[in-house]
Amino acid sequence: MSVLSGRVALVTGGSSGIGRGAALRLAAQGASVAVHGLDLAEAESVAAELRGTGAEAIGFAGDVSSAETAASAVRAAVDAFGRLDILVAAAGIQRYGDVVATTESTWDEVFDVNVKGVFLAVKAAAPYLRESDAGSVVIVSSVQAIATQTDVVAYTAGKGALLSLTRALAVDEARHGVRVNSVSPGSVDTPMLRTSAAMWSDGTEAGVAAVLENWGTAHALGRIATAEEVGEVIAFLAGSGAAFVTGADFRVDGGLLARIAAPLPATAKTIEG
């Protein structure tokens, strides 16, 4: 029997990127999956892909910063499959700018999607997760919650807020038997990352590939991740193998944050003693 057989998962942002990778891995491990996306056609396309593998899946769309969307998403999952055991909060956006260049409206946009959207999803899902005998929430943060690039002040602040939210939720929900964890990926091959790469290249396919390859060298493993690799960790945290794990953040970053940025020169000599 698959690890997540009989479980029902709701994945916000499941129509692309890391959310899609999580949906694929959850379904592969036996879960029924409700796939949320901003675009209905994209969400239904992923749901159809999952059904093609033999899994049960539905797709639906809406703005995650809306409480109505959060409530309707949870209702859709429960109406379709009769219960809700797992919530993966993966919906997110990226915006660039330092504190001067970032407008108030951009700041609000990022926090509405990346932070409030998670809060609303958990708030709507919590009553059903508490009824499960193995309720679990996995929040997708980022290594930029821990270390940051330049000109991403709103994105970094929002992802940092998610780590604090993870801890607060984990402590509150423990008494209800619900576990809450987060993952902090490094660079992952997603449409969002490719859009960013296009901004820093000539926009051609070869140019984007060159930027992604260059970004991959910052990771100790020498490459960027696939969405499915992050999804594998999310599926683990959602399952019984992580039954005593809550309030934790898992870096899925290929050693990005383990490496000191200043390399030793090629002529460095070994110091003995």
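The rules we used
- Residues numbered from 1 in each chain as written.
- Predicted model: local features only at pLDDT ≥ 70, side-chain atom pairs only at ≥ 80, totals over all residues.
- Heavy atoms only, no water.
- Phe/Tyr/Trp six-rings, centres within 6.5 Å; stacked < 30°, edge-to-face > 60°.
- Helix = DSSP H or I, 4+ residues; strand = E, 2+ residues; numbered from the N terminus.
- Buried < 20%, exposed > 50% of the residue type's maximum accessible area, 1.4 Å probe, protein only.
- Pairing = 2+ DSSP bridges.
- Right-handed = clockwise from strand over helix to strand, strands pointing away.
- Axes fitted to C-alpha atoms, helices over the stretch in contact; angles between N-to-C directions.
- Core = buried A, V, L, I, M, F, W, Y, C linked by side-chain atoms within 4.5 Å.
- 1 Å grid on protein atoms, 1.4 Å probe; cavity = no way out; pocket = protein on both sides within 12 Å on 5 of 7 lines; lining within 4 Å.
- Points joined across faces, edges and corners; volume = space filled by probe spheres on them.
- Nonpolar A, V, L, I, M, F, W, Y, C, P; charged D, E, K, R; others polar.

## Some remarks on the packing of aromatic side chains
Pairs of aromatic rings are described using the distance from one ring centre to the other and the angle between the two planes. By the definition in use, this model includes 2 aromatic pairs. Relative to Trp 200, the ring of Tyr 96 has its centre 6.3 Å away and its plane inclined at 85°; by these criteria the two rings are edge-to-face. Of this pair, Tyr 96 sits in the loop between strand E4 (86-89) and helix H4 (104-131) while Trp 200 is found in the loop between helix H6 (191-199) and helix H7 (205-216), placing the two residues 104 residues apart along the sequence. Owing to a relative accessible area of 56%, Trp 200 belongs among the exposed residues under this scheme. For the pair Trp 107 and Phe 111, a centre-to-centre distance of 4.6 Å together with 20° between the ring planes defines the contact as stacked. With Trp 107 and Phe 111 both in helix H4, this residue pair falls 4 residues apart, about one helical turn.

## Here's the deal with the pairing of strand E3 (residues 57-61)
When strand E2 (residues 32-37) meets E3, the two strands line up parallel, connected through 5 bridges. If you follow Val 35 over to E3, its bridge partner there is Gly 59. Following the chain from E2 across helix H2 (residues 40-51) to the adjacent parallel E3, one finds a crossover that is right-handed.

## Quick notes on the sheet that holds strand E1 (residues 8-12)
On the basis of which strands lie adjacent, the open sheet formed by 7 strands has the order E3-E2-E1-E4-E5-E6-E9 and parallel pairing. Two strands close off the open sheet at either side, each with one partner strand: E3 and strand E9 (249-252). Within this sheet the neighbouring strands show an average axis-to-axis angle of 15°, counted without direction. In this sheet, E4 lies alongside E1 in parallel orientation, the contact comprising 4 bridges. Across the sheet, residue Ala 9 finds its bridge partner in E4, namely Ile 86.

## Digging into the nonpolar core
In this structure, Leu 26, Val 33, Leu 50, Val 88, Val 183 and Ile 234 are the most contacted members of the largest nonpolar core, which totals 34 residues. Grouped together as the second largest cluster of nonpolar side chains are 25 residues, Val 8, Phe 60, Leu 169 and Ala 170 included.

## Re empty space enclosed by the protein
Remark: the empty space left among the atoms is shown by a probe the size of a water molecule rolled over them. With the rule as written, the count across this model stands at 1 cavity of 30 Å³ or more. Its boundaries defined by the atoms lining it, the largest cavity holds a volume of some 70 Å³. Together, 13 residues line the largest cavity, and Thr 12, Thr 69, Ala 70, Ala 73 and Ala 121 are the ones closest to its centre. Elements that contribute at least two residues to the lining of the largest cavity include exactly E1, helix H3 (67-81) and H4. Ranked by residue count, the leading element in the lining of the largest cavity is H3, at 4 residues. Classifying every residue of the lining of the largest cavity gives 7 nonpolar, 5 polar and 1 charged.

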